[in-house]
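The residues making up each chain are set out below.
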Amino acid sequence: MEKRREIDFANVCLCVLVMLIHILSRAVGALERESLQYAVVFVPWRLASFVVQGFIFLSAMKYFMKFGRGEQRLDYGGFLVSRIKTIILPYILWNLIYYFTLMPLGYFVFDPAELIGYILRGDMISHFYFVVVIVQFYLLMPLWIWLVRKARAAVLVPLSLIVMIAFGQYLAVGYAYNDRIFLKYIFYWICGCYAGMHYEKVMAFLKKYGFAAAALFVLAAVSDAGLTLLNSSGRMYVRGLENIHIVYCSLAVAFIFAASLWKTGKIVDNPVFAMINRQSYNIYLSHCLVLYFADGFTERLITSSQGGILIMRLICCYGVTFVCWGAYDRVKRLKRAKSGC
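1. Let's talk about the overall build of the protein chain
(1) Moving on: Broken down by element type, the protein chain carries 16 helices and zero strands.
(2) Moving on: Here the protein chain has a C-alpha radius of gyration of 21 Å; the compact-globule value for 341 residues is 20 Å, and the two agree.
(3) Moving on: Summarising its shape, the C-alpha atoms of the protein chain cover approximately 60 × 60 × 45 Å along the three principal directions.
(4) Moving on: Counting across all 341 residues of the protein chain, residues that qualify as buried make up 49%.

Laid out in structure tokens, this is it:
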């Protein structure tokens, strides 16, 4: 498949934003909800919260650029083996790393059954649930290919939206793990499937109507962040926030791809940007471990104020994570160059 710079751009943006969510999450949970400080951290935290939907859309898009058009036939067995090697095994490894690293700090008491449960549910660390969800989509790949080839987008896209809303807001209410079921995100996956099948047309549309997409994105961002802030701070009760957030997430994904068409060449060729793109999954899995140590270091040796902790979380999470994976990426590429692979 031809390398697409727009996809690289979107991938890095989503990777950086998911880190931002976790950097800000402690302050969001600790600050007084009526305070200005809370609003300052809550708004970017809320606006970044489309990343899981974005990753699901992006994954579907990439695979349907290959399999959706009929140019390449799906080898289901080979596909699953590839997903096990590149997605599942690193996920299991990082579950083990978190578990045994945090166990001496008192977060866990060794229990093999508990550990297996964490891995299967994706609830050891806050963002691991995404892997559980995306694996469900991968397991059903033949179904998606059949559906998208047989059904028109005008039928399947609205139907997937109805299914997602019905499941998330009515059928699975009260179920503790409803955010780990693929139906909670099926609309974004189906949209990604069709976007991959018709990639050139979608990009041409976004290039033509990029400013309109940006304007709609800003309007949705103000509505979603503002109304959610009012609701969260107790100033007013806002009905339908989940549906407002669906609109925002959809427009945010469209905006990222529209933005990717504006002078992406120099951006994606930047060495740091390229490294983040190559190591994005490793960064995704590992970055929260840095936050645990950043919190402990800051509270014991520097300050216990939320502002000081937040600054250290920003510095450590981005700095340490990017430096470590940058070094790993550099060594890996040097070894590959020497071996001639």
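2. A few points about the packing of helix α1 (residues 5–30) against helix α2 (residues 36–47)
Packed helices, taken two at a time, are described by the angle between their axes plus the distance between the axes.
(1) Moving on: Interhelical geometry of α1 versus α2 gives an angle of 145° and a closest axis separation of 9 Å. Handedness of the α1/α2 crossing: left-handed. Listed contacts from α2 to Ile-21, Leu-24, Ser-25, Ala-27 and Val-28 of α1 are Tyr-38, Val-41, Phe-42, Pro-44 and Trp-45.
(2) Moving on: Tallied by class, residues from the contact of α1 with α2 come to nine nonpolar, one polar and no charged.

3. Focus on the packing of aromatic side chains
(1) Moving on: In this structure the tally under the stated criterion is 39 aromatic pairs.
(2) Moving on: Arranged with centres 5.0 Å apart and planes meeting at 80°, the rings of Tyr-107 and Tyr-292 form a pair that is edge-to-face. You can see Tyr-107 sitting in the loop between α4 (76–102) and α5 (112–121) and its partner Tyr-292 sitting in helix α15 (residues 280–301), a full 185 residues away along the chain.
(3) Moving on: One aromatic cluster is present, built from ring pairs that chain together Tyr-63, Phe-67, Phe-79, Phe-137, Tyr-138, Trp-144, Phe-182 and Trp-189.

4. Some words on the environment of Arg-33
(1) Moving on: You can see Arg-33 is positioned in the loop between α1 and α2.
(2) Moving on: Under the relative-accessibility criterion, Arg-33 is labelled partly exposed at 43%.
(3) Moving on: Arg-33 sits 200 residues away from Ser-233 along the chain, and the two C-alpha atoms are 4.8 Å apart.
(4) Moving on: Sequence-distant contacts of Arg-33, defined by excluding residues within four places in its chain, comprise Tyr-38, Ser-232, Ser-233 and Arg-235.
(5) Moving on: Polar contacts involving the side chain of Arg-33 include one to the main-chain carbonyl oxygen of Ser-232, which spans 3.2 Å.

Definitions and cut-offs
Residues numbered from 1 in each chain as written. Predicted model: local features only at pLDDT ≥ 70, side-chain atom pairs only at ≥ 80, totals over all residues. Heavy atoms only, no water. Helix = DSSP H or I, 4+ residues; strand = E, 2+ residues; numbered from the N terminus. Rg over C-alpha atoms; globule rule 2.2 N^0.38 Å. Buried < 20%, exposed > 50% of the residue type's maximum accessible area, 1.4 Å probe, protein only. Axes fitted to C-alpha atoms, helices over the stretch in contact; angles between N-to-C directions. Left-handed = near helix turned anticlockwise from the far one by under 90°. Contact = heavy atoms within 4.5 Å. Nonpolar A, V, L, I, M, F, W, Y, C, P; charged D, E, K, R; others polar. Phe/Tyr/Trp six-rings, centres within 6.5 Å; stacked < 30°, edge-to-face > 60°. Polar contact = N/O pair within 3.5 Å; in protein donor to acceptor, adjacent residues only side chain to side chain.

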